[in-house]
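Spelled out, the chains give:
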Amino acid sequence: MSKVEEFEALRPLLFSIAYRMLGSVSEAEDAVQETWLRFDGSATRPTSTKAFLSTTVTRISIDVLRSARARREEYVGPWFPEPLLTDPYQDPARSAELADSVSMAALLLLERLSPLERSVFVLREVFGFGFDEVAAAVGRSEAACRQLQVRARRHMRAGQPRFEADRQEREELAARFFDALREGDVGGLRDLLAADVSMVGDGGGKAPQLARAVVGAENVARLLASVFPRMARIDVTFEPHEVNGRPGAVFRDRDGKVLHILALEMLDGSVHTIRSVINPDKLGHLGPVADAWAVDREVRSAIPADPSANAKRRRRAL
């Protein structure tokens, strides 16, 4: 095989490692491209191309992650990973585990780890690399990597829910959720939400947020039921779509441009967390991005979704 063929065969794996390390599609793609440049510029062929490329993309990702920490500390509002609609790495024998490792919740837990802990966890726990390979990739001894793995596991387990819904339950619950959302059905939404459900938005200061943080089934249900019918009036549409291995939806303006992404997390048979990503910098990899400010202005001036609102206004005027 030529260098190009070898690299392209491993590109999905390299991207999947980098994305789990960085939580950013654009940064992961840049890391993979830099890995190719180093591989192509190498005068000798490595004994194991997979080991060489995995080590290279891991070390590049560690460097990027270290520099990104300062930027994320200055980030406006909550920070979420860039949404991933399709993970290119496919391993039928471990597909469920891979989906779990790329969920929004898992990536946010990974943010708690140091760059070295994160790299060891991703290589060892997600992709099953041997400790000798992990040690070579991160430039530490095998004993040190085992200690890093223990610490990373402890942090990850401490933040993981105990009774997460299985795939079929998630899909059924999501279908009912989005049906109720289309109808603006407050009661229907409320019945599907956990009592302590939270809805959080990531606009990064660059777009109007649907919600910085709204908590409680009643509050979240009323917000959703009031906003989305108004959005529908100005031809905003949404299509249910898997987001980071979990149920979600892609929202588009009347021109088909991506407006924002909604991602759901289920727990104990209810929707426990709703995350909205509307920062345009995090949506560009999905296609043309809508002007969220313009959509927000149009929504605010739209006819109220509640038919009784007009009557109330008329009565006040009289």
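Everything here concerns the structure above.
Residues numbered from 1 in each chain as written. Predicted model: local features only at pLDDT ≥ 70, side-chain atom pairs only at ≥ 80, totals over all residues. Heavy atoms only, no water.

Colleague: Where do I start with the overall build of the protein in this structure?
Modeller: Along its length, the protein carries 13 helices and six strands. Taken across its 318 residues, the protein has 50% of its residues classed as buried. A separation of at least 24 residues holds for 66% of the contacts in the protein among residues at least 6 apart in sequence. When the accessible surface of the protein is totalled, it reaches about 15300 Å², and 49% of it is carbon and sulfur. (Helix = DSSP H or I, 4+ residues; strand = E, 2+ residues; numbered from the N terminus. Buried < 20%, exposed > 50% of the residue type's maximum accessible area, 1.4 Å probe, protein only. Contact = heavy atoms within 4.5 Å. Areas by Shrake-Rupley, 256 points an atom, 1.4 Å probe, with all protein chains shown as cover.)

Colleague: For this particular structure, what's the right way to read the pattern of salt bridges?
Modeller: Two side chains bearing opposite charge may form a pair once their charged atoms approach each other closely. As enumerated under the stated definition, the model contains 21 salt bridges in all. For the salt bridge of glutamate 27 with arginine 71, the shortest nitrogen-to-oxygen distance reads 2.8 Å. A residue pair is termed long-range when its members are at least 10 positions apart, and glutamate 27 in helix α2 (residues 25-41) and arginine 71 in helix α3 (residues 49-73) qualify at 44 residues. Using a relative accessible area of 19% as the deciding quantity, one classes glutamate 27 as buried. (Salt bridge = Lys/Arg side-chain N within 4 Å of Asp/Glu carboxyl O.)

Colleague: Help me understand the sheet that holds strand β5 (residues 258-267) in this model?
Modeller: In any sheet, the strands associate via hydrogen bonds between backbone groups, in a parallel or an antiparallel arrangement. A sheet is described by the order of its strands in space; here six strands give the open sequence β2-β1-β6-β5-β4-β3, paired in mixed fashion. Looking at the sheet topology across the chains shown, the edges are occupied by β2 (214-215) and β3 (237-243). Those strands touched by helix α9 (residues 167-183) are β1 (193-202), β3, β4 (246-252), β5 and β6 (270-277), and its axis lies near 130° from that of β5. (Pairing = 2+ DSSP bridges. Axes fitted to C-alpha atoms, helices over the stretch in contact; angles between N-to-C directions.)

Colleague: Even after reading the chapter, I still don't get α2, so can you show me in this structure?
Modeller: Every α-helical turn comprises 3.6 residues, leaving residues that sit three or four positions apart pointing alike. Between its first and last C-alpha atoms α2 spans 24 Å; for 17 residues at 1.5 Å apiece the expected length is 24 Å, and the two agree. Within α2, the full set of buried residues consists of Val25, Glu27, Ala28, Ala31, Val32, Thr35, Trp36 and Phe39. Tucked into the core, α2 has its buried residues touching α1 (3-22) and α3. (Expected span 1.5 Å × (residues − 1).)

Colleague: Explanation requested: the nonpolar core in the structure shown.
Modeller: Side chains that are nonpolar tend, in soluble globular proteins, to be buried together. Formed by 45 residues in total, the largest nonpolar core has its most connected members in Ile17, Tyr19 and Phe127. Per-element tally for this core: the top contributor is α1, with 10 residues. Apart from residues lying up to four places away in sequence, isoleucine 17 is in contact with Ser54, Val57, Thr58, Val122, Leu123, Phe127 and Phe129. With 41 residues, the next largest nonpolar core counts Ala180, Ala217, Ala221 and Val227 among its residues. (Core = buried A, V, L, I, M, F, W, Y, C linked by side-chain atoms within 4.5 Å.)

Colleague: How should the packing of aromatic side chains be read in this particular structure?
Modeller: For any pair of aromatic rings, geometry is given as the distance between the ring centres together with the angle between the planes. Considering all chains together, one arrives at eight aromatic pairs under this definition. Centre to centre, the rings of phenylalanine 178 and phenylalanine 238 are 5.6 Å apart; their planes meet at 45°, and the pair counts as tilted. In this pair, phenylalanine 178 is assigned in helix α9 and phenylalanine 238 in strand β3, connecting sequence segments 60 residues apart. Classification of phenylalanine 238 by relative accessible area gives buried; the value is 16%. One aromatic cluster in this structure is built from Phe177, Phe178, Phe228, Phe238 and Phe251. Lying across the ring of phenylalanine 39, lysine 3 places its NZ or CZ 5.1 Å from the centre. Between the NZ or CZ atom of lysine 50 and the centre of the ring of phenylalanine 129, over which it lies, the distance is 5.3 Å. (Phe/Tyr/Trp six-rings, centres within 6.5 Å; stacked < 30°, edge-to-face > 60°. Lys NZ or Arg CZ within 6 Å of the ring centre and 35° of its normal.)

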